[in-house]
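These are the residues of each chain, in order.
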Amino acid sequence: QFQLVESGGGLVQPGGSLRLSCAASEFTLDYDTIGWFRQAPGKEREGVSCISSISSSNYADSVKGRFTISRDNAKKMVYLQMNSLKPEDTAVYYCAAHRLSVLRLCLLDKDWYSYWGQGTQVTVSS
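Thresholds, definitions, all that
- Residues numbered from 1 in each chain as written.
- Predicted model: local features only at pLDDT ≥ 70, side-chain atom pairs only at ≥ 80, totals over all residues.
- Heavy atoms only, no water.
- Salt bridge = Lys/Arg side-chain N within 4 Å of Asp/Glu carboxyl O.
- Buried < 20%, exposed > 50% of the residue type's maximum accessible area, 1.4 Å probe, protein only.
- Helix = DSSP H or I, 4+ residues; strand = E, 2+ residues; numbered from the N terminus.
- Phe/Tyr/Trp six-rings, centres within 6.5 Å; stacked < 30°, edge-to-face > 60°.
- Lys NZ or Arg CZ within 6 Å of the ring centre and 35° of its normal.
- Pairing = 2+ DSSP bridges.
- Axes fitted to C-alpha atoms, helices over the stretch in contact; angles between N-to-C directions.

(A) Summary view of the pattern of salt bridges. On inspection of all chains with the given rule, the structure shows four salt bridges. Among the salt bridges present, the one from Glu46 reaches Arg38, with a minimum N-O distance of 2.8 Å. For Glu46, a relative accessible area of 28% corresponds to the partly exposed category. Residue classification places Arg38 among the buried residues on the basis of a relative accessible area of 6%. Two residues, Asp89 and Arg38, come together in a salt bridge whose shortest N-O distance is 2.9 Å. Of the two residues, Asp89 sits in the loop between β8 (77-82) and β9 (91-98) while Arg38 sits in strand β4 (residues 33-39), which places them 51 residues apart along the sequence. Looking at Asp89, the relative accessible area reads 0%, which means it is buried. Here the residues in one salt-bridge network are Arg38, Glu46, Arg66 and Asp89, joined through shared partners.

(B) Focus on the packing of aromatic side chains. Counted according to the given criterion, the structure contains six aromatic pairs. Ring pairing ties together the aromatic residues Phe37, Tyr94, Trp112, Tyr113 and Trp116, which thus form one cluster. The positively charged end of Arg45 is found above the aromatic ring belonging to Tyr94, 3.9 Å away from the centroid. The ring centre of Tyr115 lies 5.9 Å from the NZ or CZ of Arg99, which sits over that ring.

(C) How the structure looks around the sheet that holds strand β3 (residues 18-24). Pairing within the open sheet is antiparallel, and its four strands lie in the order β1-β3-β8-β7. Pairing within the sheet leaves two strands with one partner each, and these edge strands are β1 (4-7) and β7 (67-72). Each strand axis lies, on average, 15° off the axis of its neighbour in the sheet, ignoring direction. Examined bridge by bridge, β1 and β3 share four bridges and lie antiparallel to one another. Residue pairing for β3: Ser7 is matched across the bridge by Ser21.

By themselves, these figures tell us nothing about what the structure is for.
What follows is the structure, encoded as structure tokens:
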């Protein structure tokens, strides 16, 4: 069973930083695309960032310049470094995987991903 587990969420002040981690159960992430999504109260789940099998990345306009996605295939980990956090970043953050992707680019479309973690809460508040 392929599984994803998020960690690193918590409470942080506006302007602060937080790093989320996504751990995969498989031996390697070499051929997998990983996306980060978030869902705030009363809003639809939206794509935040994604990284392809060749480490091409994409970002939502709302986080561009503040968030950075990266991956470490040897450790089977994907990270989302979040800087200059704003209250509007408050949401449950999910990592998701599109396994064995042939695409060199990634998509910020939740319907493209088949595997999901349980989510981790990020709260930005003073």
